[in-house]
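Coordinate inspection notes
Here are the chains, one letter per residue:
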Amino acid sequence: MKHQRYYNLLKAIEEERKNEEAYFRELSKSATPKDKIESGILWYPVDIVKQRYTIGEFVEIEVERTKHLDKSHKLKTGIGCTVFKQLDERQEYKGTISFIKRNKMGIILHSDVLEKGQLSEKGLTGIELVYDERPYKVMKDAIHTLINTKERHHMVLRDGISNQDDFTYSTRNYNTDYIAGNVNPSQQTAIKGVMNTGHLGIIHGPPGTGKTTTLVTLIKTLLNNEKRILVCAPSNNAVDLLASKLDAAGVKVSRVGNVTRISDDLAHVTVVEKLRNHDDWQHIKKVKIEATKARKIAGNFKRKFGSKEREDRNAMYKEARDLQKWAKDLENKLVESILHDSQVVATTLIGTQQRMISDMQFETVIIDEASQALEAECWVAILKAKRVIMAGDHMQLPPTIKSSKAIEMGLEETILNRMTACIKDSYTLGIQYRMNEKILSFPNKKFYGGKLLSHISNSAHLIQERDEPLIWIDTSGCGFEEQTSTEHRSKWNEGEYFILREHFIQQIEKYEGFSIGIIAPYAQQVRYIKSQVSEDESIRVHDVTINSIDGFQGQEKDVIYISLVRSNESGELGFLKDLRRLNVAITRAKKKLIIIGDVATLSSDQTFLELLEHVEKYGLYQSAWEYMAI
C-alpha cells in the first residue's frame, strides 16, 4: 500500500491513545471519592486559600489539602484538571495545574469570564484529573492530511523521510555572509548550512554545546530573508525558554497557546496579553460585557409568558448574539494585526492548531527539542511551512510513550533520530561549555564518537582547587538492596541515600554557593529523597534540586549526585539499560559528578562496566564502607 509507513503511524497513535484512555478509565472507574483519592486522581476536600489574576486576566486559585496530607497522587504541573464544588448542585470549572508544593496546588481556570472571588470559598472543593483526547485527534488529522496532500514541498518531505533520502536535490540561495550573533566555528557552520536547506535541516546539539544560542542567532539571521518564522517545541517549557531568549535578543515574539500553560515571565509576549494591553481592548471588553448582560436578561424570563414577552426574550437573545459576533470580529482583526507585526510565532507543536494561527503559513518552521517530539506531532507544525529545521540530541531521552505495542509499531522513532545520519544538511555542534573534561570524556567517547571539544573556560573548572570532579561510590556488599513500592510500582534504595547524605555532609562547606542536583532514575527514589531532605535542615538550606532523569533533561548543576537504585542478586537493571538515560544523567554535571551504585549489579551491563573502568582510571573509586564507619 502506498504510504504504508504513515498508515502504520496512524495505528501506533491509536494504540497509544487507547492505552492512555484505559489508564484514565482504570483510575477513575471508582464511583466514590475515597477510591479516587486512593487511586491518586483526586484531592478532596481542599480549601481555597488564595485567588488572583494571572496572564490574560484568567483567575488562578491556590488550594490546600485539609485531609489525606502528603498522600501520593498522580496530579502534575501542566496537566488538565477539573475543579468542582459541592454546593446545592455540583459546579465544575476546567483548569490547568500551575504548581504543586506538598499539600498546596495552584490551578489556572480556563474561563475568561470568571472574576477573582467569584468562586465561592463555601462548600466542599475537589481537584480531579481529566483525560484529554485532543492531542491524539490533532496528530491523526495531520497524518491524514499528509497522506493526501497535493502540496509539492510536503510531498517531497513526506516521501523523503519515509525513504530516508539525503535531500541533496534541494537548496536555497540566502546570503550567509552576515551572521547576526557571536558564535563559534561549529555553530556558524550549522547556521550557514541549514539556512539554505531546501526541505529538511538538522542541528545536532549535544549537551552544553549552545544549541539555544545557535537557534536564536539562526532565527535573527533568517529574519533578514523571511518576514516571519514559526518556532515550536513539544513542551511549553521548551517553547518558553526559546521565546524568552528571542525576546531578550530584541526579536518581536508572539507566544501562542493556552495561557494557563505559559510561564508568567512571558506574559508580555503572549497574544492574549498583547490584546489586553492594546488601546482597542477596552472597547471590545465593553461589547462583550453588553452581550453577557443581554443574554442574562433574556434568561431571566419565566417559562410561562405571553407573545410579547417571547418577542422581547428573542430580541434580547438576538442582541446578545449580534454583540458577541461583533466583539469576536473586532478581536479577530486585532489578533491578526498583532500576529502580522510579529517576527516569530512561538507555540507547541500541537498548539500550531490554535484557531488564531490556523490559516497562517510560513516559509520555515524551526522545531527545538526534536528528539523528544513524536513524528506525528512534528507533522502538525511542518504542514504550516515549506521547510523544517530541527534541533535536538537523539542521544538523549526520546518521547515518553506508555504503550509497549505502540513502541513496537515505531511510535518512539523521531524524525531527528531517523534522519540525522542521512541528510546532507545535518550539522553537529562541536564545542561544549558545560562540563569538566573528566566528566565529559566518557559520554563523549561512548555517545558522540569523541568529536566534542571542551571550551577552555570549563575544561578544568572545579568547585575547589584540587577537588576530584568524578567519583563512583560502590555500595556492593553493604546490604543496600533495592525495594519496590507496590503502590507506585517503582523502586527505591534507602541505603544509597544514606551514603549520599554522608558524602554531602563531608563536602558541605565546599558546596556553599554552588547549585546541586540529585538525580534518580526511579520516581519512588525521588519521592523518598525529597521527603528525607525536607526534614533535613543541613541539606535543605543549600540550593538543591531533586528530580528524575526525565525531569532533569535540559538542566545543569555545578554538582550532580546520581543514585542508580538497582541492587539485586540477579543483575536486573530494568530501564537503566536505556543508555540515553545514563547519558542525560551524567551530562547534567558541570564541575563535580558523584555516582552511587552497586557495582556487582550494574557491571552485568557492558556500558556500566566501561563507565566504572573509566572512573577508576580518570576519577576516584570509593567503597561505601568508607562512609559507614563515620
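Please refer to the structure placed before this passage.
Residues numbered from 1 in each chain as written. Predicted model: local features only at pLDDT ≥ 70, side-chain atom pairs only at ≥ 80, totals over all residues. Heavy atoms only, no water.

Observations regarding the packing of aromatic side chains
Summed over the entire model, instances satisfying the criterion amount to 7 aromatic pairs. A ring pair is formed by Tyr511 and Tyr561, whose centres lie 6.3 Å apart and whose planes are at 85°; its orientation type is edge-to-face. One end of the pair, Tyr511, is in the loop between α15 (494-507) and β19 (516-520); the other, Tyr561, is in strand β21 (residues 557-563), with 50 residues separating them in the sequence. Overall, Tyr511 belongs to the buried group, its relative accessible area being 0%. Ring pairing ties together the aromatic residues Phe504, Tyr511 and Tyr561, which thus form one cluster. The ring centre of Tyr6 lies 5.3 Å from the NZ or CZ of Arg5, which sits over that ring. Stacked on the ring of Tyr23, the Lys or Arg Lys402 has its end atom at 5.0 Å from the ring centre. (Phe/Tyr/Trp six-rings, centres within 6.5 Å; stacked < 30°, edge-to-face > 60°. Helix = DSSP H or I, 4+ residues; strand = E, 2+ residues; numbered from the N terminus. Buried < 20%, exposed > 50% of the residue type's maximum accessible area, 1.4 Å probe, protein only. Lys NZ or Arg CZ within 6 Å of the ring centre and 35° of its normal.)

Considering the pairing of strand β10 (residues 344-348)
If a strand is regular, its side chains alternate between the two faces of the sheet. Most of β10 is tucked away, with 5 of its 5 residues classed as buried. By the alternation rule, side chains of β10 split into Val344, Ala346 and Thr348 and Val345 and Thr347, which are all buried. Note: strand β8 (residues 229-233) against β10, 5 bridges, orientation parallel. Its bridge partner being in β10, Cys232 is matched across the sheet by Thr347. (Pairing = 2+ DSSP bridges.)

Some points on the sheet that holds strand β3 (residues 80-86)
Spatially, β1-β2-β5-β4-β3-β6 is the arrangement adopted by the 6 strands of the closed barrel, whose pairing is antiparallel. Each strand axis lies, on average, 45° off the axis of its neighbour in the sheet, ignoring direction. The sheet contact formed by β3 and strand β4 (residues 90-101) spans 7 bridges and is antiparallel. Residue pairing in the sheet places Gly80 in a bridge with Thr96 of β4. (Axes fitted to C-alpha atoms, helices over the stretch in contact; angles between N-to-C directions.)

Overview of the packing of helix α3 (residues 134-148) against helix α11 (residues 375-382)
Running from N to C, α3 and α11 point in directions that differ by 65°, and their axes come no closer than 8 Å. Accordingly, the angle class assigned to the pair α3 and α11 is roughly perpendicular. Viewed along their axes, α3 and α11 form a crossing whose handedness is left-handed. Taking contact as the criterion, the partners of Val138, Met139, Ala142, Ile143 and Leu146 in α3 are, on α11, Ala376, Glu377, Trp379 and Val380. When grouped by side-chain class, the residues that make up the contact of α3 with α11 number 8 nonpolar, no polar and 1 charged. (Parallel < 35°, antiparallel > 145°, perpendicular 65-115°, else oblique. Left-handed = near helix turned anticlockwise from the far one by under 90°. Contact = heavy atoms within 4.5 Å. Nonpolar A, V, L, I, M, F, W, Y, C, P; charged D, E, K, R; others polar.)

Topic: the nonpolar core
If you look at the biggest cluster of nonpolar residues, it comprises 61 residues, and the most contacted ones within it are Ile143, Leu200, Ile367, Trp379, Ile382 and Met390. Per-element accounting of this core gives the leading share, 7 residues, to α3. Each of two domains, domain 2 (135-252 + 345-431) and domain 3 (276-340), supplies a minimum of three residues to this core. Ile382 has contacts with His154, Leu157, Val365, Ile367, Val388, Met390 and Ile415, leaving out every residue within four places of it along the chain. (Core = buried A, V, L, I, M, F, W, Y, C linked by side-chain atoms within 4.5 Å. Domains from an automatic or database assignment.)

Here's the deal with the environment of Ser170
Tracing the chain through its elements places Ser170 in the loop between α4 (152-163) and α5 (185-195). Here the alpha-carbon distance between Ser170 and Gly198, two residues 28 residues apart in the chain, equals 4.5 Å. The residues contacting Ser170, other than those within four sequence positions of it, are Thr197, Gly198 and His199.

Here's the deal with empty space enclosed by the protein
Within this structure, the stated rule accounts for 2 cavities of 30 Å³ or more. Considered as a void within the structure, the largest cavity measures approximately 50 Å³ in volume. Per element, the largest residue contribution to the lining of the largest cavity is 3 residues, and it comes from strand β1 (residues 42-53). Here the lining of the largest cavity is built from residues that sort into 4 nonpolar, 3 polar and 3 charged. Considered as a void within the structure, the second largest cavity measures approximately 30 Å³ in volume. In terms of lining, the second largest cavity is formed by Ile549, Leu564, Leu576, Asp578, Arg581, Leu582, Ala585 and Phe608. The biggest single contributor to the lining of the second largest cavity is helix α19 (residues 579-586), with 3 residues. Of the residues assigned to the lining of the second largest cavity, the class counts are 6 nonpolar, no polar and 2 charged. (1 Å grid on protein atoms, 1.4 Å probe; cavity = no way out; pocket = protein on both sides within 12 Å on 5 of 7 lines; lining within 4 Å. Points joined across faces, edges and corners; volume = space filled by probe spheres on them.)

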